[in-house]
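Coordinates in review
The residues making up each chain are set out below.
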Amino acid sequence: MGGERFAVRNSGVNAVVEGVGDHGCKYMTGGRVIILGPTGRNFAAGMSGGIAYVFDPHNSLAENCNMEMIDLDPIDHDDTKLMKGLITKHLRFTGSKVAEEILTDWSRYASSFVKVMPKEYKAVLLNRAKKKVKEKA
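First, a word on scope: everything that follows refers to the structure included in this document. (Residues numbered from 1 in each chain as written. Predicted model: local features only at pLDDT ≥ 70, side-chain atom pairs only at ≥ 80, totals over all residues. Heavy atoms only, no water.)

What the protein contains, in helices and strands, is 5 helices and 5 strands. Secondary structure of the protein in N-to-C order comes out as β-β-β-α-β-α-α-α-β-α. Computed over its C-alpha atoms, the radius of gyration of the protein comes to 15 Å, within 12% of the 14 Å expected for a compact globule of 137 residues. Each of the three principal axes of the protein carries a C-alpha extent, and together these read 45 × 30 × 25 Å. Counting over 137 residues, the protein shows a buried share of 42%. (Helix = DSSP H or I, 4+ residues; strand = E, 2+ residues; numbered from the N terminus. Rg over C-alpha atoms; globule rule 2.2 N^0.38 Å. Buried < 20%, exposed > 50% of the residue type's maximum accessible area, 1.4 Å probe, protein only.)

Given below as structure tokens:
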């Protein structure tokens, strides 16, 4: 389990943990963080880049988030591919029973993940994707 202020100012590291204390992913600017457990208060405050995926089976994440700069979205197919790869590495390196259970029954647990993404970062990625489609046309 990560401690207080886990992934603060993360600018490109990918990490998997089984819970974090207060102020997780604060001021994050890049990278991917997967949290397979609870978060403390003030999660994602000032987050301007990167993506966090939080296992939230009790739908309680929103009450712990600083919603000023982020959106909470469902995961998609591309997220699933990335997440399974990172969680598999986490399982291999740690022997995590939580990771093993989630991977073994992904179809059951996938809908309990929330994608935490900065609003402006999401807009930039959407504009890039639209531009790519226009260039191919």
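Read on, since the account is not over.
A separate point is the pattern of salt bridges. When their charged atoms lie close together, side chains carrying opposite charge are able to pair. What the rule picks out here adds up to 6 salt bridges. A salt bridge links Lys-115 to Asp-76; the nearest nitrogen and oxygen atoms lie 4.0 Å apart. Here the residue Lys-115 occupies a position in strand β5 (residues 113-118), and Asp-76 occupies one in the loop between β4 (70-74) and α2 (77-94), the gap between them amounting to 39 residues. Owing to a relative accessible area of 10%, Lys-115 belongs among the buried residues under this scheme. Residues joined by salt bridges that share partners form a network here, namely Asp-71, Asp-73 and Lys-122. (Salt bridge = Lys/Arg side-chain N within 4 Å of Asp/Glu carboxyl O.)

This part is about unusual backbone geometry. Its identity as a non-glycine residue notwithstanding, Tyr-27 has a phi of 60 degrees, on the positive side. Assignment of secondary structure puts Tyr-27 in the loop between β1 (11-17) and β2 (29-35). Taking the relative accessible area as the measure of exposure, Tyr-27 reaches 36% and is therefore partly exposed. For Asn-42, which is not glycine, the phi dihedral falls at a positive 65 degrees.

Our focus in this paragraph is the packing of aromatic side chains. Summed over all chains, the structure comprises 3 aromatic pairs. When the ring of Phe-55 is compared with that of Tyr-109, the centres are 5.8 Å apart and the planes differ by 65 degrees; the resulting orientation is edge-to-face. Of this pair, Phe-55 sits in strand β3 (residues 49-55) while Tyr-109 sits in helix α4 (residues 106-109), and the two are 54 residues apart along the sequence. Note on accessibility: Phe-55 and Tyr-109 belong to one class, buried. (Phe/Tyr/Trp six-rings, centres within 6.5 Å; stacked < 30°, edge-to-face > 60°.)

Below, the discussion takes up the environment of Thr-29. As for its position among the elements, Thr-29 is in strand β2. In this structure Thr-29 comes out as partly exposed when scored by relative accessible area, which is 44%. A sequence separation of 22 residues divides Thr-29 from Ile-51, and the C-alpha atoms of the two residues are 8.8 Å apart. Residues in contact with Thr-29, not counting those within four places in the same chain, are Asn-10, Ser-11, Ser-48, Gly-49 and Gly-50. (Contact = heavy atoms within 4.5 Å.)

Sheet architecture is open: 5 strands sit in the order β1-β2-β3-β5-β4, paired in mixed fashion. Pairing within the sheet leaves two strands with one partner each, and these edge strands are β1 and β4. When strand polarity is set aside, the average angle formed by the axes of neighbouring strands in this sheet is 15 degrees. Of the pairings in the sheet, the one linking β1 to β2 comprises 5 bridges and is parallel in character. Across the sheet, the residue bridging to Val-17 is Ile-35, located in β2. Taken strand by strand, α2 contacts β1, β2, β3, β4 and β5, and its axis lies near 65 degrees from that of β2. (Pairing = 2+ DSSP bridges. Axes fitted to C-alpha atoms, helices over the stretch in contact; angles between N-to-C directions.)

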